[in-house]
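Residue-level structure breakdown
What follows is the residue order along each chain.
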Protein chains: 2
Amino acid sequence: MKALEDKIRAEGTVLPGNILKVGSFLNHQLDVVFMMEMGKEIKRLFSDEKITKILTIETSGIAIAMAAGVALEVPVVFAKKNRTSNLSGDFYTTQVHSYTHGTDYDVVVSRELLNENDHILIIDDFIANGKAIEGLIRLLGQAGATLAGVSCAIEKGFQNGGDRLRESGIRVESLAIVESMSDTEVSFRKG
Amino acid sequence: MKALEDKIRAEGTVLPGNILKVGSFLNHQLDVVFMMEMGKEIKRLFSDEKITKILTIETSGIAIAMAAGVALEVPVVFAKKNRTSNLSGDFYTTQVHSYTHGTDYDVVVSRELLNENDHILIIDDFIANGKAIEGLIRLLGQAGATLAGVSCAIEKGFQNGGDRLRESGIRVESLAIVESMSDTEVSFRKG
């Protein structure tokens, strides 16, 4: 998505540790008008798939998942990190390793919200090493739901999570794939 | 908002500890079409205010804030709980007490995202005791921004956070105000 690549070049900042800071529009401040355009693009990319529900993970996935949900007119479920007291009943649950924080965390979804009739599109703001996405796919497996595909705003191509998913036969559509980045330049994979 | 009261009666569950579970549409699964209607209602309620930005807090505030942001065509900023490694630079910061978890947590917003020219609408999914909202108001104060008002989907009227804000002169518009609730019935404050 050319408009997203332009926005990353204009507003993104590269920080030490392979961090691409896009807090002005994607994951701290939300440029909601632009995000709704991203949602329409995700709908276009998956127009040949029957999708019944979107699954994302708190926190930063919620906004882009919602934009896609509005475009596709399907509900969004966001998986929660840790079990909190305002959840009741039974959960699908799995553990995910965070390289950013160096810790493991539990990811949970209420059993009421996913089942074997669902065709799920998984959405997140970033794919880097793909560990969070793989955790969501395990939750789908527990529910017996079908995975229609994976989409994200920004894929860090050099961290291989997206390509590893593709190699396992999963359809991954990222709106922008960063091939390399430095203090002075962000380069994108050619479509 | 009558449609929201109906939805709470139809889908909400009251759990021990004054918990109103609305995870089927508001804060675990998102009924995005309905949430966009809530966003339009918030726009209608604040149509006489000049609003430049919406401020909410992760996680559950993001979706309804985004719906209102789309309706009002303004950006949404979500305050973060704890400082994470993909934030850089300086932050407005304050501490909030969580009665649900019995702990204090830090709430931060990048200084780049709020300033003295902003007229802010604060939005959250719930107002209960109002501590999270009061924390966001302190962040606005640090930025020198103007508070246009506060809106939420569901106010727990019996926990007084909303009324305490109103008594201090703040405009609070909740889409539904629960006056009392039990296993068998949820009663709403008359408009």
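Residues numbered from 1 in each chain as written. Chains lettered and ligands numbered in written order. Predicted model: local features only at pLDDT ≥ 70, side-chain atom pairs only at ≥ 80, totals over all residues. Heavy atoms only, no water.

1. Notes on the overall build of chain A
- Along the backbone of chain A there are five helices and 11 strands.
- Relative to its length of 191 residues, chain A is compact, with a C-alpha radius of gyration of 16 Å against a globular reference of 16 Å.
- A principal-axis box enclosing the C-alpha atoms of chain A has dimensions of 50 × 40 × 35 Å.
- Scored against the burial criterion, the 191 residues of chain A give a buried share of 57%.
- Long-range pairs, those at least 24 residues apart, make up 59% of the contacts in chain A with a sequence separation of at least 6.
- Surface accessibility of chain A: about 7900 Å² in total, with carbon and sulfur atoms responsible for 45%.
- Looking at charge distribution, chain A has the averaged site of its 21 positive side-chain charges lying 0 Å from that of its 26 negative ones. (Helix = DSSP H or I, 4+ residues; strand = E, 2+ residues; numbered from the N terminus. Rg over C-alpha atoms; globule rule 2.2 N^0.38 Å. Buried < 20%, exposed > 50% of the residue type's maximum accessible area, 1.4 Å probe, protein only. Contact = heavy atoms within 4.5 Å. Areas by Shrake-Rupley, 256 points an atom, 1.4 Å probe, with all protein chains shown as cover. Lys, Arg positive; Asp, Glu negative; His and termini not counted. Charge placed at Lys NZ, Arg CZ, Asp CG, Glu CD.)

2. Observations concerning the pattern of salt bridges
Residue and element names in this part refer to chain A.
- Tallying each qualifying case throughout the model produces 30 salt bridges over all chains.
- Across the salt bridge formed by E134 and R164, the nearest N and O atoms sit 2.6 Å from each other. Residue E134 is found in helix α4 (residues 131-143), and its partner R164 is found in helix α5 (residues 161-167); the two are separated by 30 residues along the sequence.
- Taking the relative accessible area as the measure of exposure, R164 reaches 35% and is therefore partly exposed.
- For R166, the salt bridge is made with E155, and the minimal N-O distance between the two is 2.7 Å. Taken as a pair, R166 in helix α5 and E155 in strand β9 (residues 146-156) lie far apart in primary sequence, 11 residues in all.
- With a relative accessible area of 25%, R166 lands in the partly exposed category. (Salt bridge = Lys/Arg side-chain N within 4 Å of Asp/Glu carboxyl O.)

3. Observations concerning unusual backbone geometry
Residue and element names in this part refer to chain A.
- Between E58 and the following residue, T59, the backbone shows a cis peptide bond with an omega angle of 5°.
- By the element assignment, T59 lies in the loop between β4 (53-57) and α3 (61-72).
- Even without a glycine there, the phi angle at N160 is positive, about 70°.
- Tracing the chain through its elements places N160 in the loop between β9 and α5.

4. Observations regarding the side chain of S110 of chain A
- Relative to the assigned elements, S110 of chain A resides in strand β7 (residues 103-110).
- Look at S110 of chain A and you get buried, because its relative accessible area is 5%.
- If sequence neighbours within four positions are ignored, S110 of chain A has contacts with D90, F91 and Y92 of chain A together with H28 of chain B.

5. Regarding the layout of surface pockets
Residue and element names in this part refer to chain B.
- Its boundaries defined by the atoms lining it, the second largest pocket holds a volume of some 280 Å³.
- As for the second largest pocket, its lining consists of 14 residues, of which E173, S174, L175, I177 and G191 are closest to the centre.
- Secondary-structure elements contributing two or more residues to the lining of the second largest pocket are α2 (32-45) and β10 (172-181).
- Ranked by residues supplied to the lining of the second largest pocket, first place goes to β10 with six residues.
- A breakdown of the residues in the lining of the second largest pocket according to their chemical character gives six nonpolar, two polar and six charged. (1 Å grid on protein atoms, 1.4 Å probe; cavity = no way out; pocket = protein on both sides within 12 Å on 5 of 7 lines; lining within 4 Å. Points joined across faces, edges and corners; volume = space filled by probe spheres on them. Nonpolar A, V, L, I, M, F, W, Y, C, P; charged D, E, K, R; others polar.)

6. Structural notes on the nonpolar core
- Core analysis: the largest hydrophobic core is formed by 82 residues, its most contacted members being L4, L20 and I154 of chain A together with L4, L20 and I154 of chain B.
- When near neighbours in sequence (up to four residues on either side) are disregarded, I154 of chain A contacts L4, I8, L20, V22, L26, D125, F126, I127, A176 and V178 of chain A.
- In terms of nonpolar packing, the next biggest core, distinct from the first, is built from 26 residues, V96, V107, L136 and L165 of chain B among them. (Core = buried A, V, L, I, M, F, W, Y, C linked by side-chain atoms within 4.5 Å.)

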